[in-house]
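# Coordinate inspection notes
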Amino acid sequence: MNWKILLGALLVIVPLVWLLATGFGHDPRALPSVLEGKPAASFTLPDLDGGTVSLESFRGRPVVLNFWSTWCVPCVSEHPVLQAAARGEGPDGIVFLGVLYGDEPERARRYLARAGSAYPTVVDPTGAVIVDYGVGGVPETFFVDRRGVIAAKFTGPLDAASLARHLEAVR
Amino acid sequence: MRSLLLLFFLAAGPAVHAQDALPGASSLPGGNEAGIRARAGALAAELRCPVCQGLSAADSQAEAAVAMRTRVEQLMREGRSDEQIRAWFVDRYGEWVLLEPPRHGRHWIVWLGPLVLLLAGAGVVARRMRIGAPRQDATDPGADLPADLAADPWVQRVLADLERR
């Protein structure tokens, strides 16, 4: 009788522990990057300086697409890392492009004037591009290769080492 | 007009096959403005607002949620079915974007698990109740009594009471 109870308990407990172990082993905030390997959605949007930027115009060059806002603390912390990397690129190097997320263009202009700006930031007034890229929060950075395919997505603030690794992968 | 109709059927063809639930009105592409609004509201309620905690895209005024609702309506105007629009969002956000777990593969565990546990529990309860209940095949309670004791009127009353039970 006792071994029957033991067997029954094991039958319930073992799968349960396995389920919880796999469940808690995952970071629930780490969103799976389903877009990797898929073509980057095209867009043509106004930038903060009164111009227009189209993603297609960079075809043939890798693109770093960084979704950010001024109210996002991790974005502010990764800002110098991105700026330094962008300044290191030649005229035919990797293109850096910011997409403003949930923020006032005027505030972003003031912020960039103060914190430095080595590349354009576009404004997405309808949020269409945010949905196209499945952006959950900021910062999120997409690395688009020369063919216009999303090679990687990085969620959270980039440090110099992670950025360098991802840049080498698409270069 | 004819080309519009053709477009309608071309768009509806795969949609009808892709639809596994909610047949009827929800699979019709286009439709009037109020219909699209209602359909979009219902579909947005199935999509997770990416910047909220446990809210659907229909329940939030966050920029991302508003943008998702706008996109749902736009895709509906383009004539896509609910199933196609769900797939569109899953392609970009992952299955995470669906508030209800999908019904395939290992996801069945969350749908069937509670049912299996309920049935198992009912089985245990039923077994317990059968063990505790008086046995129907019990022998005559007075059968093994000595004759003089069985003749005692008080014992006979007790036995009669037992019979009645």
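This report concerns the structure included in the present document. (Residues numbered from 1 in each chain as written. Chains lettered and ligands numbered in written order. Predicted model: local features only at pLDDT ≥ 70, side-chain atom pairs only at ≥ 80, totals over all residues. Heavy atoms only, no water.)

Residues and elements named next belong to chain A. The topology assignment puts Glu89 in the loop between α2 (73-87) and β4 (95-100). At 2.9 Å, the side chain of Glu89 and the backbone nitrogen of Ile94 are in polar contact. Residues in contact with Glu89, not counting those within four places in the same chain, are Ile94, Phe96, Leu167 and Arg171. (Helix = DSSP H or I, 4+ residues; strand = E, 2+ residues; numbered from the N terminus. Polar contact = N/O pair within 3.5 Å; in protein donor to acceptor, adjacent residues only side chain to side chain. Contact = heavy atoms within 4.5 Å.)

Looking now at the state of the cysteines. Residue and element names in this part refer to chain A. Scanning all chains against the criterion turns up two disulfides over all chains. Two residues, Cys72 and Cys75, share a disulfide whose sulfurs are 2.0 Å apart. Between Cys72 and Cys75 the disulfide shows an S-S torsion of about 90°. By sign, it is right-handed. Classification of Cys75 as buried rests on a relative accessible area of 4%. (Disulfide = S-S within 2.5 Å. Buried < 20%, exposed > 50% of the residue type's maximum accessible area, 1.4 Å probe, protein only.)

The subject of this paragraph is the packing of aromatic side chains. Following the criterion strictly, the structure yields eight aromatic pairs over all chains and no others. Each ring, one from A:Phe43 and one from A:Tyr133, has its centre 6.4 Å from the other, and the planes form 75°; the classification is edge-to-face. Taken together, the residues span a long stretch of sequence, with A:Phe43 in the loop between α1 (2-25) and β1 (44-46) and A:Tyr133 in the loop between α4 (128-132) and β6 (140-144) at a distance of 90 residues. Between A:Tyr133 and A:Phe142, the ring centres sit 5.2 Å apart and the planes meet at 65°, which makes this aromatic pair edge-to-face. As far as burial versus exposure is concerned, A:Tyr133 and A:Phe142 are alike and both buried. Each residue in the set A:Phe43, A:Phe67, A:Tyr133 and A:Phe142 is aromatic and connected to the rest through ring pairs, giving one cluster. A cation sits over an aromatic face here: B:Arg48 above B:Trp96, 5.4 Å from the ring centre. Between B:Arg92 and the ring centre of B:Trp88, over which it is positioned, the NZ or CZ distance is 3.8 Å. (Phe/Tyr/Trp six-rings, centres within 6.5 Å; stacked < 30°, edge-to-face > 60°. Lys NZ or Arg CZ within 6 Å of the ring centre and 35° of its normal.)

It is worth spelling out the sheet that holds strand β3 (residues 63-68) of chain A at this point. Note on sheets: strands pair through backbone hydrogen bonds, and any given pair is parallel or antiparallel. Residues and elements named next belong to chain A. Strand order across the open sheet formed by five strands is β5-β4-β3-β6-β7, with mixed pairing between neighbours. Looking at the sheet topology across the chains shown, the edges are occupied by β5 (121-123) and β7 (150-155). The average angle at which neighbouring strand axes cross in this sheet is 20°, direction not considered. Pairing between β6 and β7: five bridges, direction antiparallel. Of the residues in β7, the one forming a bridge with Phe143 is Ala152. Running over the sheet, α2 touches β3, β4 and β6 and is turned about 160° from β3. (Pairing = 2+ DSSP bridges. Axes fitted to C-alpha atoms, helices over the stretch in contact; angles between N-to-C directions.)

In many reports, interface size means the accessible area that the parts give up when they come together. Listed by partner, the interface residues are 21 residues for chain A and 17 residues for chain B. Of the roughly 1400 Å² buried where chain A meets chain B, counting both sides, 56% is carbon and sulfur surface. Run the count over chain A and chain B and you get two salt bridges. As a salt-bridge pair, A:Lys38 and B:Asp91 come within 3.8 Å of each other at their nearest N and O atoms. (Buried area = accessible area lost by both parts, 1.4 Å probe. Salt bridge = Lys/Arg side-chain N within 4 Å of Asp/Glu carboxyl O.)

Quick look at the pattern of salt bridges now. Residue and element names in this part refer to chain B. This model, assessed by the stated rule, comprises 17 salt bridges over all chains. Note that Arg77 is salt-bridged to Glu33, the shortest N-O span being 2.5 Å. Of this pair, Arg77 sits in helix α3 (residues 63-77) while Glu33 is found in helix α2 (residues 33-44), placing the two residues 44 residues apart along the sequence. For Arg77, a relative accessible area of 42% translates into the label partly exposed. Among the salt bridges present, the one from Arg164 reaches Asp161, with a minimum N-O distance of 2.6 Å. Taken together, the residues Arg164 and Asp161, both in helix α7 (residues 153-164) and three residues apart, mark about one turn of the helix. Exposure remark for Arg164: the relative accessible area of 67% places this residue in the exposed category. Classification of Asp161 as partly exposed rests on a relative accessible area of 38%. Salt bridges here are not isolated pairs; linked through shared partners, they connect Glu33, Arg37, Glu73 and Arg77.

This brings us to the side chain of B:Arg86. Residue and element names in this part refer to chain B. Considering the arrangement of structural elements, one finds Arg86 in helix α4 (residues 82-93). You can call Arg86 buried: its relative accessible area is 12%. In terms of polar contacts, Arg86 uses its side chain to reach the side chain of Glu46, at 2.6 Å.

In this section: the packing of α2(A) against helix α5 (residues 160-170) of chain A. Residues and elements named next belong to chain A. Relative to each other, α2 and α5 sit at 40°, their axes nearing to 10 Å. Relative to α5, the element α2 is oriented oblique. Here α2 runs over α5; the crossing is right-handed. Residues Val81, Leu82 and Ala85 of α2 pack against Ala160, Leu163 and Leu167 of α5. For the contact of α2 with α5, the residue count by class is six nonpolar, no polar and no charged. (Parallel < 35°, antiparallel > 145°, perpendicular 65-115°, else oblique. Left-handed = near helix turned anticlockwise from the far one by under 90°. Nonpolar A, V, L, I, M, F, W, Y, C, P; charged D, E, K, R; others polar.)

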